Amino acid sequence: MNDNNSERCNTTLLAIYQEEDDGSLERIIIPGVALSLMCIIIIVGNIFVLLVVPRLPKPRRPTRYLVMNLAVADLGLGIFILPLSSYNEIVSWPFGERWCIVHAVGDSLLCMSSLYTLCALAVDRYIGVTRPLRYNVIMTDRMVLVMVIVVWLLASSVSCPPLFGWRQPPPDDPTVCLITTHFSYVIESCVLGFFLPSIVVMCLYTKIYIVARKHIFDISRNIILPNKDQDKDSVSASSFSSSISGSSQDVRISVVTSNCQNQAALLKKVAKIRMEVRAAKTFGKVLGIFVICWMPFIVLYPFGCLCSACVIPEIAWDIVFWLGYANSMMNPFVYVLSSQEYRKVFSRLLWCRNKSESQVDVLNVVPRRGATNVPSEKF
């Protein structure tokens, strides 16, 4: 039954390829320019991520290692996969069956490693929000290294079976390179490579939201207010305020304490929660874009296997196929739009500012001792 389903998938995809108009010059030039531009944006954008992230201030090194791992996966996709996919889309596949299989496995490996890295980032954010004061103790460099290794092992275990025969028979035409359409592999890759990790990450981010709201409530409940009967001149009190952004609206907390030590401790806790929630929101956006870009492909991919009478239009297949690839060029823009620190370092790299200017910018980011507003865009 699986072989029959695989042949049906293969026939459906071949029908899509046969619908292409090989004689149109516009069909070569316009897609060629568009896909080349996409490759350039992916490569340049993720190179900038790899250059910017190590130059950010030292805290949150574990998170930044995971961000760099995500950028490496997207950069590998832009360098090794997209140029060949573009040529195959516009012209034909020139390297034969064996390299077609390797190309499909590499494509799947890099895409799945991106999603599993987002899972690792969700775990990192969960620890940061639920245990903000113990984060540096739990998320050590060794722990992050283990997480990165696990990410690539999981991605390899899901994407590499076609190398060992878990694939459909090759097409008769050696210039046609199709993605793996073996029925059981399609189901396995969709479930383990997309749906299951996506559900896990969404559950983690839901938990992050709930815990952040609980922290906000607890801090608000533990506010110490001055006694109205006391003379204002006799109360040695000080006040500060901060805002925590972790829900649909910003929550402003005003705190008045009679003890400078309590004030400092509470301010530190507020700042920690604020920073962790901000970072969680940034990576939540990255996850949301990933799901939006890849969901149409994941739905359409097994569609031809399950519906033998269905014919997928060529334009629909091309849109969902390349929409998934477009995800790799969006992450750098999310970082730029979400992180003030990232924008500052990105601007210095882009305009080649000197070191003294960089130091001035960093000093401007760091608050003075008496300041009450803590930078919240760190990730």
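Residues numbered from 1 in each chain as written. Predicted model: local features only at pLDDT ≥ 70, side-chain atom pairs only at ≥ 80, totals over all residues. Heavy atoms only, no water.

Caption draft 1: Molecular detail of the nonpolar core. Ranked by internal contacts, the top residues of the largest apolar core, which has 74 residues, are Leu82, Leu118, Tyr205, Phe297, Tyr325 and Tyr335. Sorting the residues of this core by element identifies α2 (26-52), α3 (61-90), α4 (96-130), α6 (141-159), α7 (183-221), α8 (260-300), α10 (314-338) and α11 (340-351) as the ones contributing at least two each. Residue contributions to this core peak at 13 residues, all from α4. (Core = buried A, V, L, I, M, F, W, Y, C linked by side-chain atoms within 4.5 Å. Buried < 20%, exposed > 50% of the residue type's maximum accessible area, 1.4 Å probe, protein only. Helix = DSSP H or I, 4+ residues; strand = E, 2+ residues; numbered from the N terminus.)

Caption draft 2: Layout of the confidence of the model for the chain. Scored by pLDDT, the chain has a mean of 76; 69% of the residues are at 70 or more. Confidence, read as mean pLDDT per element, is least for strand β1 (residues 238-244) in the chain (41) and greatest for α6 (94). Low pLDDT (under 50) marks residues 223-258, which in the prediction has 64 contacts with non-local residues, meaning those over four places away or in another chain. A low-confidence stretch, residues 354-378 (pLDDT under 50), is modelled with 28 contacts involving residues beyond four sequence positions or located in other chains. (pLDDT = per-residue confidence, 0-100. Contact = heavy atoms within 4.5 Å.)

Caption draft 3: Main features of the pattern of salt bridges. With the rule as written, the count across this model stands at two salt bridges. Across the pair glutamate 341 and arginine 64 runs a salt bridge whose closest N-O atoms are separated by 3.9 Å. On the criterion of sequence distance, the pair formed by glutamate 341 in helix α11 and arginine 64 in helix α3 is long-range, its members being 277 residues apart. Across the pair, arginine 64 and glutamate 341 agree in class, each one buried. Close ionic contact of arginine 125 with aspartate 124 constitutes a salt bridge, the shortest N to O distance being 2.6 Å. (Salt bridge = Lys/Arg side-chain N within 4 Å of Asp/Glu carboxyl O.)

Caption draft 4: Examining the packing of aromatic side chains more closely. Counted by the stated rule, this structure contains 16 aromatic pairs. Summarising the aromatic geometry, the rings of phenylalanine 194 and phenylalanine 195 are spaced 5.3 Å apart at their centres and angled 85° between planes, so their arrangement reads as edge-to-face. Residue classification places phenylalanine 194 among the buried positions, given a relative accessible area of 3%. Through successive ring pairs, a cluster of aromatic residues spans Phe290, Trp294, Phe297, Tyr301, Trp317, Phe321, Trp322 and Tyr325. (Phe/Tyr/Trp six-rings, centres within 6.5 Å; stacked < 30°, edge-to-face > 60°.)

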